[in-house]
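Here is what each chain is made of, one letter per residue.
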Amino acid sequence: MTLIAFFDIEVSAKTHRVVDIGCILSNDVTFHKNDPAAFEKFIEPATFICGHNILSHDLFYLQKHFGNVGWGQTRAIDTLLLSPLLFPKNPYHRLLKDDKLHTEELNNPLNDSIKAKDLFFDEVAAFQQLDDDFKQILFLLLSNQKGFDNFFRFLHYHSPVSKDALPGIIKKKFDNKICSNSDLDSFISTNPVALAYALALLHCDDRFSLTPPWVLKNYPEVERLLFLLRNNPCIPGCTYCKRALDPVLALKKYYGFPGFRTYGGEPLQEKAVRATIHGESILAVFPTGGGKSITFQVPALMSGENAKALTVIISPLQSLMKDQVDNLEKKGITEAVTINGLLDPVERSKAIERIENGLASLLYISPESLRSVTIERLLLKRKIARFVIDEAHCFSSWGQDFRVDYLYIGDFI
């Protein structure tokens, strides 16, 4: 059996030096002491070394110690990189360090090494259970990428087809789930890792699964690719775009209405929605009760389903926010939440949790909330489809409703 060394290190926050090392081999032999030279000798028989976030963290510090920039990289497998691909519904399923609830177990790298070992073999099992087409997609995208390449070498997995066949395999696998006119050739050549994460999220076929925040931070192209694959109507109008990106079909699906209102014979509501779906910035002026909320709620619900994205609605009054959320709930739409001063701590915590877990597609907040560090960190965890300014007349410094915090919105975005 191929020998793998699963390891973890602890680094001092003050001195940035390695203070402890833990390791377990795949034959269950263990190592636990702060002796890098002895550790290097211990893992020497292993074909691969593996750990959680080792490319960005552990190897960085070990390279500094050994004075070798490439130390360990040629045989490294990173379970952090693999987790969102193989467990897109719950990429952190084994990463909660429950032992750290007990003070005597704090900062135990051997325990974390054992967790990495368990996670790795769960990832192996998950890959083996994938259908052949998706196995080929992952291999052809990632087999020459650091952190991923050795995973396929360990499995002795090889695709029966060349990379030239990849666009066709993706189109077949995701038929009617992505725009058939997407520029897959360009995505494959320029952003293979980001494309793999985007396709893994779509492959799990779970409405509320999200790409983990660390993926969005390290691979920001995932957001753009999801938009181009799922939320950007193509000009010819493929099967997917006609079904998933048609505002009239969405209106009927979410609200039960057969069509939008017209004003003076002009379909102003539908025009506003179509412009929003095509990524335009718009100003919509409607009379009171004229249905302006529909113009941003329909695209928000579509973006939430198609691109796992959040729409942020900035509203001046807490009562208006509550009314909007309540009215949506009466229609059976439960994807809207508000975070404002009327909420008690438990309600606020639940609202934040729904945003983090992907259960919400619309977030109603006040302009003052944008100065909250909590709100800023919360929004950084989600892909933002768009910002909506409800009651936009509050922007005007000539008006009696002017609020100075509206001037901060642009800076915040």
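Values in this document were obtained by computation on a predicted structure and should not be read as measured data.

### Considerations on the packing of aromatic side chains
At step 1: Applying the stated rule across the entire model yields 27 aromatic pairs.
At step 2: Aromatic pair Phe-48 and Phe-154: ring centres 6.3 Å apart, planes at 80°, arrangement edge-to-face. Residue Phe-48 is located in strand E4 (residues 48–51), and its partner Phe-154 is located in helix H6 (residues 149–155); the two are separated by 106 residues in the primary sequence.
At step 3: When its relative accessible area of 7% is taken as the criterion, Phe-48 is described as buried.
At step 4: For Phe-154, a relative accessible area of 12% gives the class buried.
At step 5: Aromatic pair Phe-151 and Phe-152: ring centres 5.8 Å apart, planes at 75°, arrangement edge-to-face.
At step 6: Residue Phe-151 is classed as buried on the basis of its relative accessible area, which comes to 1%.
At step 7: A network of ring pairs unites the aromatic residues Phe-6, Phe-48, Phe-120, Phe-121, Phe-127, Phe-139, Phe-151, Phe-152, Phe-154 and Tyr-157 as a single cluster.
At step 8: One Lys or Arg, Arg-371, reaches over the ring of Tyr-408 and ends 4.2 Å from the middle of that ring.

### Observations regarding the environment of Lys-163
At step 1: Residue position: Lys-163 is located in the loop between H6 and helix H7 (166–173).
At step 2: Taking relative accessible area as the criterion, Lys-163 reaches 38% and is therefore assigned partly exposed.
At step 3: The sequence separation of Lys-163 and Leu-141 amounts to 22 residues, and the corresponding C-alpha distance is 8.2 Å.
At step 4: Once residues lying within four places of it in the same chain are set aside, the contact partners of Lys-163 are Leu-140 and Ile-188.

### Observations concerning the sheet that holds strand E5 (residues 76–78)
At step 1: What the five strands build is an open sheet, ordered E3-E2-E1-E4-E5; its pairing is mixed. Looking at the sheet topology across the chains shown, the edges are occupied by strand E3 (30–32) and E5. Averaged over all adjacent pairs, the angle separating strand axes in this sheet is 25°, with direction ignored.
At step 2: Pairing between strand E1 (residues 4–11) and E4: three bridges, direction parallel. Within E4, the position partnered with Phe-6 by the bridge is Cys-50.
At step 3: Along the sheet, helix H1 (residues 36–43) makes contact with E1, strand E2 (18–25), E3 and E4, crossing E2 at roughly 15°.

### Looking at the packing of helix H13 (residues 247–255) against helix H15 (residues 292–307)
At step 1: It is at 10 Å that the axes of H13 and H15 come closest, and there the two elements cross at 90°. Relative to H15, the element H13 is oriented roughly perpendicular. Between H13 and H15, the residues in contact are Pro-247, Ala-250, Leu-251, Lys-253, Tyr-254 and Tyr-255 and Ile-294, Gln-297, Val-298, Leu-301, Met-302 and Glu-305, respectively.
At step 2: For the contact of H13 with H15, a count of residues per class yields nine nonpolar, one polar and two charged.

### A look at the side chain of Asn-340
At step 1: Tracing the backbone through its elements, the reader meets Asn-340 in the loop between strand E7 (336–338) and helix H17 (345–356).
At step 2: Given the relative accessible area of 8%, Asn-340 is considered buried.
At step 3: Of note is the side chain of Asn-340, whose polar atom sits 2.8 Å from the backbone nitrogen of Leu-342.

### As for unusual backbone geometry
Leaving glycine out, the prevailing phi sign among residues is negative, and the prevailing peptide bond configuration is trans.
At step 1: Within the chain, His-156 stands out as a residue other than glycine whose phi angle is a positive 55°.
At step 2: Of note, His-156 is situated in the loop between H6 and H7.
At step 3: On the accessibility criterion, His-156 (63% relative accessible area) is exposed.
At step 4: In the Ramachandran plot, Glu-391 falls in the positive-phi region, its phi being about 60° despite a non-glycine side chain.
At step 5: Relative to the helices and strands, Glu-391 resides in the loop between strand E9 (384–389) and helix H19 (409–412).
At step 6: Residue classification places Glu-391 among the partly exposed positions, given a relative accessible area of 22%.

### What to know about the pairing of E2
Every other side chain in a regular strand lies on the same face of the sheet, so the side chains alternate between the two faces.
At step 1: Counting buried positions over the eight residues of E2 gives seven, a clear majority of the element.
At step 2: Judged from the seven bridges that link them, E1 and E2 form a sheet pairing that is antiparallel. Opposite Phe-7, over in E2, you have Cys-23 as the bridge partner.
At step 3: As consecutive antiparallel partners, E1 and E2 are separated by six residues, and within that stretch His-16 has a phi angle of approximately 60°, a positive value.
At step 4: Note: E2 against E3, three bridges, orientation antiparallel.

### Re the environment of Arg-261
At step 1: Following the sequence through the fold, Arg-261 ends up in the loop between H13 and helix H14 (268–277).
At step 2: Once the C-alpha coordinates of Arg-261 and Gly-290 are considered, the two residues, 29 residues apart in sequence, prove to be 8.7 Å apart.

### Some words on the pairing of strand E8 (residues 362–365)
At step 1: Residues of E8 alternate between two faces, with Leu-362 and Tyr-364 on one and Leu-363 and Ile-365 on the opposite face, all of them buried.
At step 2: Both strand E6 (residues 310–314) and E8 contribute to a ladder of four bridges, which runs parallel. The residue of E8 that forms the bridge with Ile-313 is Tyr-364.
At step 3: In this sheet, E8 lies alongside E7 in parallel orientation, the contact comprising three bridges. Paired with Ala-336 across the strands is Leu-362, a residue of E8.
At step 4: Each parallel crossover has a hand, and for E7 linked through H17 to E8 it is right-handed.

### Description of the confidence of the model for the chain
At step 1: The predicted model of the chain has a mean per-residue pLDDT of 91, with 95% of residues at 70 or higher.
At step 2: Across residues 96–105 the pLDDT falls below 50, and counting only partners more than four positions away or on other chains, this stretch makes 13 contacts in the model.

Criteria and cut-off values
Residue positions within a chain follow its written sequence, with the count starting from 1. Under the rules for a predicted model, residues below a pLDDT of 70 receive no local features and side-chain atom pairs below 80 are neither given nor counted, while totals for whole chains, interfaces and linings still include all residues. Side-chain metrics rest on all non-hydrogen atoms present in the structure, leaving aside hydrogens and water. Pairing of aromatic side chains here covers Phe, Tyr and the six-membered ring of Trp, requires ring centres within 6.5 Å, and sorts the geometry by plane angle: under 30 degrees stacked, over 60 edge-to-face, intermediate tilted. Put simply, DSSP H or I for four residues or longer makes a helix, DSSP E for two residues or longer makes a strand, and each gets a number counted from the N terminus. Burial classes: relative accessible area under 20% of the type maximum marks a residue as buried, over 50% as exposed, and values in between as partly exposed (1.4 Å probe, protein chains only). Both a distance and an angle decide whether a charge sits over a ring: NZ of Lys or CZ of Arg must be within 6 Å of the ring centre and within 35 degrees of the ring normal. The contact criterion used throughout is that any non-hydrogen atoms of two residues lie within 4.5 Å. Between any two strands, pairing holds if DSSP finds at least two bridges. Interaxial angle, 0 to 180 degrees, is taken between N-to-C directions of lines fitted to C-alpha atoms, where a helix line uses only the stretch in contact. For this classification, under 35 degrees means roughly parallel, over 145 means roughly antiparallel, 65 to 115 means roughly perpendicular, and everything else is oblique. Residue polarity is assigned by list, with Asp, Glu, Lys and Arg as charged and Ala, Val, Leu, Ile, Met, Phe, Trp, Tyr, Cys and Pro as nonpolar; anything else, Gly included, falls into the polar class. Throughout this description, a polar contact denotes any pair of N or O atoms lying within 3.5 Å of each other; where both atoms belong to protein, one of them has to be capable of donating a hydrogen while the other can accept it, and for residues adjacent in sequence the pair is counted only when both atoms sit in side chains. If the strands point away from the viewer and the path from the first strand over the helix to the second runs clockwise, then the crossover is right-handed. A residue's pLDDT is simply how confident the predictor is in it, with values from 0 to 100.

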